[in-house]
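# Observations on chain architecture
Listed below are the residues making up each chain.
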Amino acid sequence: MLACLTSRNAAAAGLTAALMTIAAVPAEAASTPQALVDNARYTVEKMLRNPETKPFAGLLRRAQAVLIVPSLIKASFLIGGEGGSGVLLARDREGRWSNPAFYDIGAGSIGLQFGFQDSEVVFLIMSRRTLEAMLQAKLKLGADASIAAGPFGVGYEGATALNLRADIYSYALSRGAFFGASFEGSVTVEDRDRNRAYYGPGATARAIVVQRRFANPGAAQLLRALGAP
């Protein structure tokens, strides 16, 4: 009995530590909305300049929207989870990027698992339907929208040869290496507090990325990194 209780206590302590890490590290990495926007720019620049992710640029040119998460934490001790904060930007019919709206992403899992990982992730949203589902808070990756790891390889001409079948393509960078990661089951949620803090009262994701009612000059460098004039 004592051994059983000890085992349960250890598992509970490990779970608590994992969840505290998931919650705390993204907040520390982006302590202010502007810091999160700046970190999102750095992530995009890394993806664009690395030869391993040459197809990323071609996909980005075709994407209807993009969700950039500079720090996505995965931690687990028997029961695990992932979480992070990011920014969502969308194109208008002329191809111009909106200002960024703030979003959180997270998921949980149960099973034999141990570990910790901090990744930079970019989700390329290829359809307006998927963007609309995200704005309506009805998007679960893998269930409501198909998601696939973006293609890799310096010889892959993503701008001309890509067959766009997935609703979302993901690119992830962890410990200096790009990899294809599974994000099925993850849920995206609008961060209303950060949106209001960055833009002012009445700032919602829809008002920012679709209606274009809000802007902040602090996002200018991120827009340039994405290819805005």
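Bear in mind that the values here come from a model prediction, so they are computed numbers and not experimental data.

Let us look at the environment of Ala 197. Within the element layout of this structure, Ala 197 appears in helix α6 (residues 192-199). Looking at Ala 197, the relative accessible area reads 59%, which means it is exposed. Residues Ala 197 and Pro 33 lie 164 residues apart in sequence; the distance between their C-alpha atoms is 7.5 Å.

Bringing the environment of Asp 92 into the picture now. On the secondary structure map, Asp 92 appears in the loop between β1 (65-90) and β2 (101-125). With 118 residues separating them in the primary sequence, Asp 92 and Val 210 have C-alpha atoms 7.5 Å apart. There is a polar contact of 2.8 Å between the side chain of Asp 92 and the backbone nitrogen of Arg 96.

This part takes up the packing of aromatic side chains. Any pair of aromatic rings gets described here by the distance separating the centres and the angle formed by the planes. The final tally for this structure, using the stated rule, is 4 aromatic pairs. Judged by centre distance (5.4 Å) and plane angle (90 degrees), the rings of Phe 56 and Tyr 171 are edge-to-face. Taken together, the residues span a long stretch of sequence, with Phe 56 in helix α3 (residues 54-62) and Tyr 171 in strand β4 (residues 168-174) at a distance of 115 residues.

Attention now moves to unusual backbone geometry. Positive phi, normally seen in glycine, also occurs at Arg 212, with a value near 60 degrees. Relative to the helices and strands, Arg 212 resides in the loop between α7 (205-209) and α8 (220-226). We classify Arg 212 as partly exposed; its relative accessible area is 30%.

Let's shift gears to the confidence of the model for the protein chain. Per-residue pLDDT for the protein chain has a mean of 77; in total, 66% of the residues score no lower than 70. Segment residues 1-29 is flagged for pLDDT under 50; beyond a separation of four residues in sequence, or across chains, it makes 26 contacts in the model. Under a pLDDT of 50 for its full length, residues 109-114 has, in the predicted model, 15 contacts with residues more than four places off or in other chains.

The next subject is the pattern of salt bridges. Oppositely charged side chains are able to pair whenever their charged atoms sit close together. In this structure the tally under the stated criterion is 9 salt bridges. Of the charged contacts, one joins Glu 120 and Lys 46 as a salt bridge, the two residues approaching to 2.8 Å between their closest N and O atoms. Note that Glu 120 is positioned in strand β2 and Lys 46 in helix α2 (residues 33-49), a separation of 74 residues in sequence. With a shortest N-O distance of 3.9 Å, Asp 92 and Arg 212 are connected by a salt bridge. Within this pair, whereas Asp 92 is found in the loop between β1 and β2, its partner Arg 212 is found in the loop between α7 and α8, the two being separated by 120 residues in sequence. The structure contains a network of salt bridges with shared partners spanning Asp 92, Glu 94, Arg 96 and Arg 212.

Assignment of secondary structure puts Ser 127 in the loop between β2 and α4 (128-135). Not counting the four nearest positions on each side in its chain, Ser 127 is found in contact with Gln 64 and Asp 167.

Counting residues in hydrophobic clusters, the biggest one holds 57 residues, and the most contacted among them are Ile 68, Val 87, Leu 88, Leu 89, Phe 123, Leu 124 and Leu 222. No other element matches the 10 residues that β1 contributes to this core. In contact with Phe 123, other than residues within four places in its own chain, are Ala 65, Val 66, Leu 67, Val 69, Ile 105, Leu 141, Ile 147, Ile 168, Tyr 169, Ser 170 and Phe 183.

This part takes up the pairing of β4. Strand residues, when the strand is regular, have side chains that alternate between the two faces of the sheet. With 7 of its 7 residues buried, β4 lies for the most part within the structure. Going residue by residue along β4, you find Ile 168, Ser 170, Ala 172 and Ser 174 tucked away on one face and Tyr 169, Tyr 171 and Leu 173 tucked away on the opposite face as well.

Our next topic: the environment of Ala 225. For Ala 225, the location among the structural elements is in helix α8. Among all residues touching Ala 225, those that are not within four sequence positions of it are Arg 41, Val 44, Glu 45 and Leu 48.

About the criteria used
Residues numbered from 1 in each chain as written. Predicted model: local features only at pLDDT ≥ 70, side-chain atom pairs only at ≥ 80, totals over all residues. Heavy atoms only, no water. Helix = DSSP H or I, 4+ residues; strand = E, 2+ residues; numbered from the N terminus. Buried < 20%, exposed > 50% of the residue type's maximum accessible area, 1.4 Å probe, protein only. Polar contact = N/O pair within 3.5 Å; in protein donor to acceptor, adjacent residues only side chain to side chain. Phe/Tyr/Trp six-rings, centres within 6.5 Å; stacked < 30°, edge-to-face > 60°. pLDDT = per-residue confidence, 0-100. Contact = heavy atoms within 4.5 Å. Salt bridge = Lys/Arg side-chain N within 4 Å of Asp/Glu carboxyl O. Core = buried A, V, L, I, M, F, W, Y, C linked by side-chain atoms within 4.5 Å.

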